[in-house]
Amino acid sequence: MTSSLLLGLIGDGISASRTPRMHENEGAAHSIPTIYRTIDISNPRLAEVGLEELLTGAVRLGFDGLNITHPFKQQVIGLLDEVDPVAARINSVNTVVIDSTGRTTGFNTDVTGFAAGFRAGLDGAATEAVVQIGAGGAGRAVGFALAELGIGELIIADTDVRRAEGLAADIVEATPVGTRAKAIGLDELEGAAASAQGIVNATPVGMKAYPGTPVDTSVIGSDTWVADVVYFPLETQLLAEARAKGCRTLDGSGMAVNQAIDAFELFSGQKADPQRMRETFLSF
Ligand code: NAD
């Protein structure tokens, strides 16, 4: 069994991340002393340092694993010894396991994390047609997770239409058993939201800095489920308005906690306690 864990998160502007505490508390509960550092490129000390140098440094210093976030989830792939097939298919890695020889393997636990959160929070929800708003970093993981969950048709809208088209094409290409996916313009969003069975927000709209809702909720019926990946705040305006209509809702904590659960299990080889990790996440 792993006797201790040295872990880190590489990304930009990550000082408020709740992930370090989730890993350190879970490690302690398994009697595995765990240190989890944020390696934030917005720190002036790291101004001239590239991802390759940070990754090589972590391997040389004996790190056991890393989480990777914006803006490096795609760039890191070319620097790894091996990439898990799911992460390779979506072309995004958020978790790197470093073995005792320094060999690096990349995974994507955002995909497995969103899927696990969905199964737990929206079990049995109808998924023939789902509208996803936002096709950026989180949106890629959500789109591939929805495809793996077996939805019929994914309708993707993004202010950057080409990004939505790119994600739709990637999902169609990577999903042999045929999730249909297509991009729509924002002018078609309300109509699509009115007839979909589910809506997922994967944009930052709903955060304090981006107030409002990504779609006019007056078009959403009470039998439509609504999910949000934003977790700061957990109760976004979108979810509050959907809940007031009687819709089933799923907040961003499911994805955030489950990506950490899956990463902890990859780092430690131990089964994480979902309830404990959730409580740590909510204790901030
Ligand atoms: P990003 O910048 O990579 O992508 C956001 C996408 O949304 C962009 O493609 C942008 O064009 C699009 N967009 C923005 N406003 C829009 C609007 N009004 N209508 C349509 N499209 C719009 O950002 P990201 O990394 O994907 O993060 C998005 C949100 O997800 C953030 O709030 C982040 O905190 C959250 N997030 C949550 C989790 C989790 O575990 N719950 C994980 C990652 C990110």
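Chemist: Would you mind going over the site of the ligand with me for this structure?
Modeler: The environment of the ligand is formed by 20 residues, the closest being Ala 138, Asp 158, Arg 163, Met 207 and Val 229. In the model, an oxygen atom of the ligand is placed 2.6 Å from a nitrogen or oxygen of the Asp 158 side chain. In the complex, the protein chains occlude 76% of the 860 Å² of accessible area that the ligand would expose alone. The cavity that encloses the ligand is the largest pocket. Among the secondary structure elements, those contributing two or more residues to the shell around the ligand are helix H5 (137-148) and helix H9 (253-268). Here the residues of the shell around the ligand are counted per class, giving twelve nonpolar, six polar and two charged.

Chemist: What's the story with the nonpolar core in this structure? I'm lost.
Modeler: Nonpolar side chains in soluble globular proteins tend to be buried together. If you look at the biggest cluster of nonpolar residues, it comprises 32 residues, and the most contacted ones within it are Phe 114 and Leu 146. Top element by residues in this core is H5. It accounts for six residues. Here this core spans two domains, since at least three of its residues come from each of domain 1 (5-108 + 255-282) and domain 2 (126-247). Apart from residues lying up to four places away in sequence, Leu 146 is in contact with Phe 114, Phe 118, Val 130, Gln 132, Ile 151, Leu 154 and Val 200. Ranked by size, the runner-up nonpolar core spans 19 residues in total, among them Ile 14, Ile 32, Phe 264 and Met 277.

Conventions used here
- Residues numbered from 1 in each chain as written.
- Predicted model: local features only at pLDDT ≥ 70, side-chain atom pairs only at ≥ 80, totals over all residues.
- Heavy atoms only, no water.
- Near = heavy atom within 4 Å.
- Polar contact = N/O pair within 3.5 Å; in protein donor to acceptor, adjacent residues only side chain to side chain.
- Areas by Shrake-Rupley, 256 points an atom, 1.4 Å probe, with all protein chains shown as cover.
- 1 Å grid on protein atoms, 1.4 Å probe; cavity = no way out; pocket = protein on both sides within 12 Å on 5 of 7 lines; lining within 4 Å.
- Sits in = over half its atoms within 2 Å of the grid points.
- Helix = DSSP H or I, 4+ residues; strand = E, 2+ residues; numbered from the N terminus.
- Nonpolar A, V, L, I, M, F, W, Y, C, P; charged D, E, K, R; others polar.
- Core = buried A, V, L, I, M, F, W, Y, C linked by side-chain atoms within 4.5 Å.
- Buried < 20%, exposed > 50% of the residue type's maximum accessible area, 1.4 Å probe, protein only.
- Domains from an automatic or database assignment.
- Contact = heavy atoms within 4.5 Å.

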